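# Overview (structure and organization)
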Amino acid sequence: MTSPAITPPARRLGLRWWIAGVSVWALFLVWMIWILIEAHGYDPFDPRFIDNAPLYRIGQTANYRGQQAFFLGWSSPEAGFRWSEGHKDEIAFRLANDADTGRPLLLSLHFVMTAGRQPIRITVNGVFLKKTDAVGAGPVTAIAPAGLFQPGRINAVTLELASAKMPNSQDTRLLAVALDTFSIKPTTP
Amino acid sequence: MASPRRNSLSSRSRAARRNRAGKVAPPAPVTEHRRLRTTLLNLAIPLAIFLFSFALYALACDSFTRATGRAAAGSWDETWYRYIEKAGYVYNGNIYEQQNIAFFPLYPLLGALLMKLAHLSADGALLGVSRLSTLAAFVVLYFVLRRRYSLPVTAATLLLLGVGPFSEFLFNGYSEPVFLLGIALTFWFAVRSKWLASVLTIGVTSAGRPYGCLLAIVPLCACIEKARKEHGWRHLFDSTELQKLLLVLPLSFAGIALHTLYLGWRFRDPLAFAHVGRAWTSASTTSTVWNLVTWRYLHALRQFSFHGILSHPQLLGQLIFLLAPITLLLSFRKLAPAETFLFLIMIGLLHLLCSSNPIEITNLGRHLLVIYPYPLALALWIEPREWPLPRRLHRRIAAGIWALFVVALIVAGAVASFHYTEIFYAGTGQVS
């Protein structure tokens, strides 16, 4: 690299510039550290978000739209149903503090269609519940033992769908089951 | 390396300034009248390109009918921006539900301001901001480009921006024009060595797009280049301009920082825009790069047909995506380093954001749309004077390619616009 013919003499910045610059950098670093902490510690089930989470009441029949539950990993709602997407999908919801979970509960998932025969592994809050096959329209049910669902907290129903597949070359989603409603009801009245 | 600025005077006027002895006569004093005429002429060119581009969009998209309200319900992102403009941000904590918190505030804020000042409807104000930003961006870009490049290259760059396949997003109520204006102003201040103004512009722009802060690379590179010329590499930091710029550089994050503070205060989740963004992300789709690596395009090529292009204009977007870095590398020596660097950084990030389905590739197109070094590279590429061929021959070849290219882009733009219009206004693109 050729050196310039005339090099202007080095000048020093005034104190005001240094104070302003150091303040800007200090604020920036504080903000960056805060954002990194927030990003690293993010958890969708964080208690801070519980108040915002949709409330599901035992006995209700909830639909696919998401007013009563989070649909984690599912595709966007379509006309009358919502496709699962990928090999693992969750339905998460908050149960009221006074929800009666001290007895066995019947979990029922109603599908309007499936992408062929679909083996489904169902877990609730990380506890294995049932392995079954779903074909076409119809419900899939499982009985949750007493105490598995927890009142006042976010509960998660996980579906593991090993045979999810692309329906055609135009639709690149991995689809397995199309859900329209789900419910949790007492097994005995 | 950057091309030296070309003289804007034509060869005829240069010849007129020579006397019979071949000596160059002193330039005539610039009168107010002449200055006004030059300014008006300079404004007329970007304005004409803007009007041509808008007319093309209007023809393709039935825009005038839309403005009367037939399909004025808006679609896709414009719906979200209108919602924010009227009612502010809403967030229920469900990160897998599409919510308006995923969108950044600069564009709806400007829309709300125009709505209040001009007593416009929410839809009209957003469209007004979007289209005025496009016009302003064209004007600013014109003056930025004219400092470095010839009139044909400058006009061609704007024309390529205005008639590209995804130029619909310059007029349809999306936020791209505001971002484009931010980019143009950043370059405008950077080429005039107004570093603080450039950084502040980036700070504001980052409230429109989170990756807007990446633009900080532009004034930084330009300032380093200037300091190197004045002081050399060894004494680079003797430059007070560079020292000042480095001190204020974090201001380029001001917009996104203020937005995260607001989200943290209001919703207790400063990164809510990123978290809820998952609702737009499909887990099973793969990126264009991944498709390339796994030879998935071979299958598409076997089924290639003209009808295929017409019915799936996303292929056009993918083609543009693939051609962009090649074109850029071919033009590298003639482009300013800061612009090239910015482009490469952006394209490096964009492939992570974009997938292979039509919606995502449309996103790719509109994100690429605002990175003007790409059309600038194309314009340089087809500039006759840049060709190492005999003068008469290269003029003819270049003129032919130029004409073909513009026609192809216009056709592609029209096809893509028709296609997206169909999606937008047939209801399938409505926000649920």
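Keep in mind that this is a model prediction, so the values were computed, not measured.

## Quick look at the overall build of chain A
The number of helices and strands found in chain A is one helix and 11 strands. Going residue by residue from the N terminus, the α and β elements of chain A occur as α-β-β-β-β-β-β-β-β-β-β-β. Within chain A, buried positions represent 42% of all 189 residues. Accessible surface, chain A: about 10,000 Å² in total, of which carbon and sulfur atoms supply 59%.

## Quick word on the packing of helix α1 (residues 15-40) of chain A against helix α12 (residues 254-267) of chain B
At their nearest, the axes of α1 of chain A and α12 of chain B sit 11 Å apart, and the two run at 55° to each other. Here α12 of chain B runs oblique to α1 of chain A, going by the angle between their axes. Two packed elements cross with a definite hand, and for α1 of chain A against α12 of chain B that hand is left-handed. Contact residues: W31, W34 and I35 of chain A in α1 of chain A; I256, A257, T260 and L261 of chain B in α12 of chain B. Looking at the contact of α1 of chain A with α12 of chain B residue by residue, the classes come out as six nonpolar, one polar and no charged.

## So, the environment of D77 of chain B
Residue and element names in this part refer to chain B. Along the chain, D77 falls in helix α4 (residues 77-87). Classification of D77 by relative accessible area gives buried; the value is 11%. Separated by 23 residues in sequence, D77 and N100 have C-alpha atoms that sit 9.1 Å apart.

## Description of the side chain of T158 of chain A
All names here are of chain A. Within the element layout of this structure, T158 appears in strand β10 (residues 154-161). Side-chain polar atoms of T158 contact the side chain of E90, separated by 3.2 Å. Not counting residues up to four positions away in its chain, the partners in contact with T158 are K88, D89, E90, R121, I122 and T123.

## Quick word on the pattern of salt bridges
All names here are of chain A. All chains considered together, the criterion is met by seven salt bridges over all chains. Measuring nitrogen to oxygen at the nearest pair gives 3.1 Å for the salt bridge that ties D100 to R103. Residue classification places D100 among the partly exposed positions, given a relative accessible area of 39%. A relative accessible area of 30% places R103 in the partly exposed class. Taking the shortest distance from any N to any O, the salt bridge between E160 and R121 comes out at 3.2 Å. Residue E160 is found in strand β10, and its partner R121 is found in strand β7 (residues 118-124); the two are separated by 39 residues along the sequence.

## Here's the deal with the packing of aromatic side chains
All told, the structure shown has 24 aromatic pairs over all chains when counted by the stated rule. Judged by centre distance (4.8 Å) and plane angle (50°), the rings of F28 of chain A and F253 of chain B are tilted. Here F253 of chain B lies in the loop between α11 (240-248) and α12 and F28 of chain A lies in helix α1, a pairing that spans two chains. Exposure remark for F253 of chain B: the relative accessible area of 22% places this residue in the partly exposed category.

## A short note on the confidence of the model for chain A
In this model, chain A carries a mean pLDDT of 84, and residues with pLDDT of at least 70 account for 85%. The element-level mean pLDDT for chain A is lowest in strand β3 (residues 70-72) of chain A, coming to 80, with strand β6 (residues 105-114) of chain A highest at 94.

## Things to note about helix α5 (residues 106-118) of chain B
Residue and element names in this part refer to chain B. Under the 1.5 Å per step criterion, the end-to-end length of α5 is 18 Å for 13 residues, consistent within 8% with the ideal 18 Å. Regarding α5, the residues found buried are L106, Y107, P108 and G111. Check the buried side of α5 and you find it contacts α4, α6 (122-146), α8 (176-191) and α9 (195-205). Of the residues trailing α5, H119 is marked for its positive phi of about 55°.

## Observations concerning unusual backbone geometry
Phi at N125 of chain A takes a positive value of approximately 50°, unusual for a residue other than glycine. Locating N125 of chain A in the fold gives a position in the loop between β7 and β8 (127-134). Classification of N125 of chain A as partly exposed rests on a relative accessible area of 29%. The residue S193 of chain B is not glycine, and still its phi comes out positive at about 60°.

What counts and what doesn't
- Residues numbered from 1 in each chain as written.
- Chains lettered and ligands numbered in written order.
- Predicted model: local features only at pLDDT ≥ 70, side-chain atom pairs only at ≥ 80, totals over all residues.
- Heavy atoms only, no water.
- Helix = DSSP H or I, 4+ residues; strand = E, 2+ residues; numbered from the N terminus.
- Buried < 20%, exposed > 50% of the residue type's maximum accessible area, 1.4 Å probe, protein only.
- Areas by Shrake-Rupley, 256 points an atom, 1.4 Å probe, with all protein chains shown as cover.
- Axes fitted to C-alpha atoms, helices over the stretch in contact; angles between N-to-C directions.
- Parallel < 35°, antiparallel > 145°, perpendicular 65-115°, else oblique.
- Left-handed = near helix turned anticlockwise from the far one by under 90°.
- Contact = heavy atoms within 4.5 Å.
- Nonpolar A, V, L, I, M, F, W, Y, C, P; charged D, E, K, R; others polar.
- Polar contact = N/O pair within 3.5 Å; in protein donor to acceptor, adjacent residues only side chain to side chain.
- Salt bridge = Lys/Arg side-chain N within 4 Å of Asp/Glu carboxyl O.
- Phe/Tyr/Trp six-rings, centres within 6.5 Å; stacked < 30°, edge-to-face > 60°.
- pLDDT = per-residue confidence, 0-100.
- Expected span 1.5 Å × (residues − 1).

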